[in-house]
Amino acid sequence: MGIIDLTIKELNQKIRGKEIKAVTVAEEFLEVIKKKEKNIKAFLEITPDLALEQAKKVDEKIEKGEEVSEIAGVPMACKDNILFEGKKCTAGSKILENYIAKYDATVIKKLKEKNFVLLGKTNMDEFAMGSSTENSAFQITKNPLDLKRVPGGSSGGSAAAVSANESVYALGSDTGGSIRQPAAFCGVVGLKPTYGSVSRFGLIAYAPSFDQIGPITKTVEDSKIIYDIIKGRDDFDSTSFSKKENKKEKKTIGVPKEFFEKGIDKEIKEKTLGFINKLSEQGYSIKEVSLPNMEYALSVYYIIVCSEASSNLARFDGIRYGFSEKKAKNLKDTYLKTRGIGFGEEVRRRILLGTYALSAGYYDAYYLRAQKIRNLIKKDFEEIFKDVDFILAPVSPILPFKIGEKTDDPLSMYLADIYTIPVNLAGVPALSVPFSKIGKLSISVQIIGNYFDEEKLFEFGKIIENLRDYD
Amino acid sequence: MDFKKEIEKISVLARIELSEKDKTKFSKELNKILDHFNILQKADVKGIQPFLTHSESRNVFRNDEAKTCFGKEILKDDFLDKQGNYLKIKSVKKEWEL
């Protein structure tokens, strides 16, 4: 097993133990990226100078006998909607093609304090709107497990980079499944933390009442290492908060029946139910639970998310920064043309949908009604967690689809998110962990926990890793 | 109302210029998506409050102490057009009517 196969913990131990220099590690990963990128296309920008400089600092500290952190010298990749001062941050959009970040996101600030090493910024669906990373304005990322297929999205670049061993771990963001689904498609671990547990300061907003930053890693243990560093209340994000973890001893797993009823791939269903059986043999008590409002979740999610996006993305106006269409006649024309040209198709579609849902005459029927049903869905989760410790469910109803397969039918692309979005509507945390394979493709389950139950998710996630049916 | 006309109106509100081809494409697609959304009409929401926030209500104000902030120079760097310390934009006269 080479350096590139190691986990954060293993690699960090080797660096701290002076078995290998951080600079050598960075060089090795940069070499792998150089070789693999022409096929995978996970990165929008590679930052070799920065990576080597950061790695050198780690080596110097170790040389001087100074204590270094649990992630020092371990190379990572960062989704391109998270700001790193002085580096481009495009959110996968033409409208921000040449935008240079003016400050660090809070998560980046925290990682910098730990001497992290950044290999580059990763590809994504434009403004995180998508489930396949095909909506990037710049390139199409391939699934490392099968190059003809999508890596999932919107954090497809981050998941592909970790899966292809181009990076040890990565940061992504999850609005409706954008960490868990690409992690599942690429056979790696992805965490969507409790809403508010990780600061969103410096994350380019898509839908602020849903967005959360989280880690994509090779193992559950690594996921915990990164989560523990990036979590916590931040003065710059008034929706962030710290809370003590809930502790309960019993082990009851809820299986929501609505996830297995229709639209699920037959093999995914069989394998997932088989795995639940295996857990039952291990002494877990399995209980059928119900999310009675599940049938509304997809519509509720898209109405609210598009409404939030239509308001949020008003800031991209071609005036203060980013792309601007020079041929405009007057101010209004500058807005119309800049946004007409600068935003890609899916972004325009969602802004139009959101504007429609918020416009006079439709507000009550769409936006307000959706927000009421969102509360019902949140209550459904609260009800379930009175009786069970975790909810176990598939991450995606389908296997990674072929590149181009769903681009002509936006509704069928939206339906691919059906199992991940209820979690974001309620704001609870969920961890996506691979447990089996179908051919060369990987399948995962998501463990959904109660608010701030991340610690329990990691514990249980490790058990799932140990029970999976491949090496 | 003709849905394409509706899309035209919405696109001006959203400040997004659309080509004729896009108008046709989007009106077809959005019609289908909105049809799907109609499922919400059958939910019983009598007496249910709309969702507002994930966090408990609490005071988020900090003490009124001066803190360093971005300098204007750093923000000015990105202005697409400027005059001294001012952001310069194109004329706004007679253009706000829809």
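Scroll up to find the structure.
Anyway, here's the lowdown on the structure attached to this text. Bear in mind that the values here come from a model prediction, so they are computed numbers and not experimental data.

### Remarks on the overall build of chain B
A tally of regular secondary structure across chain B gives 3 helices and 2 strands. Over its C-alpha trace chain B gives a radius of gyration of 23 Å, far above what one expects of a compact globule, namely 13 Å for 98 residues. Considering only C-alpha atoms, chain B reaches an extent of 50 × 45 × 20 Å along its principal axes. Here chain B holds 98 residues, and the buried ones make up 28% of them. Accessible surface for chain B amounts to roughly 7,500 Å². Of this, 53% is attributable to carbon and sulfur atoms. Taking the average place of the 21 positive charges on the side chains of chain B and the average place of its 18 negative ones, the gap between the two points comes to 2 Å.

### A closer look at the environment of Asn-424 of chain A
Mapped onto the elements, Asn-424 of chain A comes out in helix α14 (residues 421-426). Residue classification places Asn-424 of chain A among the buried positions, given a relative accessible area of 2%. When the C-alpha atoms of Asn-424 of chain A and Asn-143 of chain A are compared, they prove to be 25 Å apart, with 281 residues separating the residues in sequence. For Asn-424 of chain A, the contacting residues outside a window of four places in its chain are Asp-174, Thr-175, Gly-176, Gly-177, Arg-180, Lys-192, Ser-209, Phe-210 and Arg-374 of chain A together with His-54 of chain B.

### Considerations on the sheet that holds strand β9 (residues 390-394) of chain A
Strands pair in a sheet through their backbones, by hydrogen bonds, and they do so in one of two ways: parallel or antiparallel. Residues and elements named next belong to chain A. In spatial order, the strands read β1-β3-β2-β4-β6-β5-β10-β11-β9-β7-β8; together these 11 strands make up an open sheet with mixed pairing. Only two strands of the sheet have a single partner each, and these edge strands are β1 (43-46) and β8 (285-289). On average, each strand axis in the sheet is tilted by 30° relative to the strand beside it, whichever way the strands run. Note: strand β7 (residues 252-256) against β9, 2 bridges, orientation parallel. The partner of Ile-253 across the bridge, within β9, is Phe-390. Relative to strand β3 (residues 117-122), helix α3 (residues 48-63) is tilted by about 155°, and along the sheet it contacts β1 and β3. Packed onto the sheet, helix α4 (residues 106-113) meets β2 (75-79), β4 (169-174) and β6 (212-217) and runs at close to 160° relative to β4.

### Looking at the packing of helix α7 (residues 220-230) of chain A against helix α15 (residues 454-467) of chain A
Residue and element names in this part refer to chain A. Viewed as axis vectors pointing N to C, α7 and α15 meet at an angle of 160°, and their least axial separation amounts to 9 Å. In terms of orientation, α7 and α15 fall into the roughly antiparallel class. For the pair α7 and α15, the crossing hand works out as right-handed. Every residue of α15 that contacts α7 at Val-220, Glu-221, Ser-223, Lys-224, Tyr-227 and Asp-228 is listed here: Glu-454, Glu-455, Phe-458, Gly-461, Lys-462 and Glu-465. Residue composition of the contact of α7 with α15, by class: 3 nonpolar, 2 polar and 7 charged.

### Some words on the nonpolar core
By size, the foremost hydrophobic cluster in this structure holds 168 residues, and its most contacted members are Phe-127, Tyr-169 and Leu-171 of chain A. Of the residues forming this core, the biggest block, 12 residues, is contributed by helix α9 (residues 294-312) of chain A.

### Examining the side chain of Glu-134 of chain A
Residue and element names in this part refer to chain A. Examined against the element boundaries, Glu-134 turns out to sit in the loop between β3 and α5 (156-163). The buried charged residue Glu-134 lacks any salt bridge, with Lys-406 as its nearest oppositely charged partner at 9.3 Å. From its side chain, Glu-134 meets the backbone nitrogen of Gly-404 in a polar contact 2.5 Å long. Here Glu-134 is in contact with Asp-125, Val-150, Phe-401, Ile-403, Gly-404, Thr-407 and Met-413, once residues within four sequence places are set aside.

### Considerations on helix α11 (residues 345-358) of chain A
Taking 1.5 Å of rise per residue, the 14 residues of α11 of chain A would be expected to cover 20 Å, and the 20 Å separating its terminal C-alpha atoms lies within 8% of that figure. A large share of α11 of chain A lies buried, amounting to 12 of its 14 residues. Taken residue by residue, α11 of chain A has Glu-346, Val-347, Arg-348, Arg-349, Arg-350, Ile-351, Leu-352, Leu-353, Gly-354, Thr-355, Tyr-356 and Ala-357 of chain A as its buried positions. On the buried face of α11 of chain A, the contacting elements are α9, α10 (331-342), α12 (364-384) and α13 (410-415) of chain A together with α1 (3-13) and α2 (20-37) of chain B.

### What about the state of the cysteines?
Residues and elements named next belong to chain A. Tallied over the entire structure, the rule returns 0 disulfides over all chains. Among the cysteines around Cys-78, which has no disulfide bond, Cys-89 carries the closest sulfur, lying 7.5 Å off. Using a relative accessible area of 0% as the deciding quantity, one classes Cys-78 as buried.

### Structural notes on the packing of aromatic side chains
Residue and element names in this part refer to chain A. Here the structure, examined in full by the defined rule, presents 23 aromatic pairs over all chains. The interplanar angle of 35° and the centroid separation of 4.7 Å between the aromatic rings of Phe-275 and Phe-435 together place this pair among those described as tilted. One end of the pair, Phe-275, is in helix α8 (residues 266-281); the other, Phe-435, is in strand β10 (residues 430-438), with 160 residues separating them in the sequence. Measuring from ring centre to ring centre gives 4.4 Å for Tyr-356 and Tyr-362, while their planes differ by 25°; the resulting arrangement is stacked.

### Focus on a nonpolar patch on the surface
A surface patch of nonpolar side chains, amounting to about 210 Å² of accessible area, comprises Leu-87, Ile-89 and Val-92 of chain B. Tracing the chain through its elements places Ile-89 of chain B in the segment after β2 (86-87).

### Notes on the pairing of β8 of chain A
Summarising the sheet, β7 of chain A and β8 of chain A pair through 5 bridges and their orientation is parallel. Paired with Pro-256 of chain A across the strands is Val-289 of chain A, a residue of β8 of chain A.

### As for unusual backbone geometry
Residue and element names in this part refer to chain A. At the junction of Gly-153 and Ser-154, the peptide bond is cis and its omega measures out at 10° in the coordinates. We note that Asn-115 has phi near 55°; this positive angle belongs to a residue other than glycine. Within the secondary structure, Asn-115 sits in the loop between α4 and β3. The exposure class assigned to Asn-115 is buried, which follows from its relative accessible area of 15%.

### Structural notes on the interface of chain B and chain A
Taken together, the contact between chain B and chain A spans 53 residues of the former and 70 residues of the latter. Buried area between chain B and chain A, both sides added, is near 5,700 Å², and the carbon and sulfur share of it is 67%. One can count 8 salt bridges joining chain B with chain A. Considering every element that reaches the side of chain B that touches chain A, the biggest residue donor is α2 of chain B, with 10 residues. Class assignment of the residues belonging to the side of chain B that touches chain A gives a composition of 29 nonpolar, 8 polar and 16 charged.

Thresholds applied
Residues numbered from 1 in each chain as written. Chains lettered and ligands numbered in written order. Predicted model: local features only at pLDDT ≥ 70, side-chain atom pairs only at ≥ 80, totals over all residues. Heavy atoms only, no water. Helix = DSSP H or I, 4+ residues; strand = E, 2+ residues; numbered from the N terminus. Rg over C-alpha atoms; globule rule 2.2 N^0.38 Å. Buried < 20%, exposed > 50% of the residue type's maximum accessible area, 1.4 Å probe, protein only. Areas by Shrake-Rupley, 256 points an atom, 1.4 Å probe, with all protein chains shown as cover. Lys, Arg positive; Asp, Glu negative; His and termini not counted. Charge placed at Lys NZ, Arg CZ, Asp CG, Glu CD. Contact = heavy atoms within 4.5 Å. Pairing = 2+ DSSP bridges. Axes fitted to C-alpha atoms, helices over the stretch in contact; angles between N-to-C directions. Parallel < 35°, antiparallel > 145°, perpendicular 65-115°, else oblique. Left-handed = near helix turned anticlockwise from the far one by under 90°. Nonpolar A, V, L, I, M, F, W, Y, C, P; charged D, E, K, R; others polar. Core = buried A, V, L, I, M, F, W, Y, C linked by side-chain atoms within 4.5 Å. Salt bridge = Lys/Arg side-chain N within 4 Å of Asp/Glu carboxyl O. Polar contact = N/O pair within 3.5 Å; in protein donor to acceptor, adjacent residues only side chain to side chain. Expected span 1.5 Å × (residues − 1). Disulfide = S-S within 2.5 Å. Phe/Tyr/Trp six-rings, centres within 6.5 Å; stacked < 30°, edge-to-face > 60°. Patch = residues over 30% accessible without salt bridge, like charges linked within 9 Å, V, L, I, M, F, W, Y side chains within 5 Å. Buried area = accessible area lost by both parts, 1.4 Å probe.

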